[in-house]
Amino acid sequence: MKFCSLCGSTVEQRIPEGDNRLRFVCVHCTTVHYQNPRVVAGCVPVWGEQVLLCRRAIEPRRGYWTLPAGFMENGETLAQAAARETDEEACARVSDLHLYTLFDLPHISQVYVFFRARLVDLDFCAGEESLEVRLFHEQEIPWNELAFPTVGRTLECYFADRREQQFPVRNEGLAALRPRA
Ligand code: ZN
């Protein structure tokens, strides 16, 4: 950050009084510009035995498969964000959302959250940010062409949990996200 988004003056990095971290502070209006982690919310849209994936039309990881997910917006709940992203990327409606996986990614200051969800109908198609959207059976999942480790790990958990018919909420960190052997 170089300039204050309120008054346009330059910002400097310093520790504000009563704080203990370096912040961007406007030299003119003294506004402190806090930078906090961003939340990515997504769904595991399920239709019977199959799961809906989207092939990304945008960078990063263009051409790779992902669960529909994206940055949460102000004024919405986590579940609303996950459902909205599913609608935007796959033009698909979901219901019965259940909190499922939560990944802390402090190295990139992001938190990823996925919900299990029921696909309402088969009336889906590629949204603006997708090249292709389709349903996959477990044995068809393109494990080596998944966009992000959080997506692979969530799918891994989902298929394993489905065999047990129990879906505990999982809060995992980086250790769970090592590339598959
Ligand atoms: Zn300012």
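This text goes with the structure placed above it.
Now for a description of the structure that goes with this document. Just so you know, these numbers come straight off a predicted model, no measurement behind them.

Reading the values: rules and limits
Residues numbered from 1 in each chain as written. Predicted model: local features only at pLDDT ≥ 70, side-chain atom pairs only at ≥ 80, totals over all residues. Heavy atoms only, no water. Donors = N, O, S within 2.8 Å, 3.2 Å for Na, K, Ca; no water. Tetrahedral: all angles 85-135°; square planar, octahedral: opposite > 155°, others 65-115°. Helix = DSSP H or I, 4+ residues; strand = E, 2+ residues; numbered from the N terminus. Buried < 20%, exposed > 50% of the residue type's maximum accessible area, 1.4 Å probe, protein only. Polar contact = N/O pair within 3.5 Å; in protein donor to acceptor, adjacent residues only side chain to side chain. Contact = heavy atoms within 4.5 Å. Salt bridge = Lys/Arg side-chain N within 4 Å of Asp/Glu carboxyl O.

## Section: the coordination of the zinc ion
Here is step 1 of the chain: Listed as protein donors to the zinc ion are Cys4 (SG), Cys7 (SG), Cys26 (SG) and Cys29 (SG); their distances from the metal cover 2.3 to 2.4 Å.
Here is step 2 of the chain: Classification of the site at the zinc ion as tetrahedral follows from its four donor atoms and the range of 97 to 120° in their angles at the metal.
Here is step 3 of the chain: In primary-sequence terms, the residues that donate to the zinc ion follow C-x2-C-x18-C-x2-C.

## Some words on the side chain of Ser130
Here is step 1 of the chain: Note on placement: Ser130 falls in strand E10 (residues 130-136).
Here is step 2 of the chain: You can call Ser130 buried: its relative accessible area is 9%.
Here is step 3 of the chain: Of the polar contacts made by the side chain of Ser130, one reaches the backbone oxygen of Glu89; its length is 2.7 Å.
Here is step 4 of the chain: Among residues more than four places away in sequence, those in contact with Ser130 are Cys54, Arg55, Ala57 and Glu89.

## Brief notes about the environment of Ile108
Here is step 1 of the chain: Residue position: Ile108 is located in the loop between strand E8 (94-105) and strand E9 (110-119).
Here is step 2 of the chain: Relative accessible area serves as the criterion here: at 44%, Ile108 is assigned to the partly exposed category.
Here is step 3 of the chain: As a C-alpha pair, Ile108 and Arg38 span 70 residues in sequence and 9.1 Å in three-dimensional space.

## Comments concerning the pattern of salt bridges
Here is step 1 of the chain: Tallied over the entire structure, the rule returns 14 salt bridges.
Here is step 2 of the chain: In this structure, the salt-bridge partner of Asp19 is Arg23, at a minimum N-O distance of 2.8 Å.
Here is step 3 of the chain: Classification of Arg23 as buried rests on a relative accessible area of 15%.
Here is step 4 of the chain: When the shortest N-O distance is used, the salt bridge between Asp161 and Arg170 registers 2.6 Å.
Here is step 5 of the chain: In this structure, a network of salt bridges that share partners links the residues Glu76, Arg84, Glu85 and Glu88.

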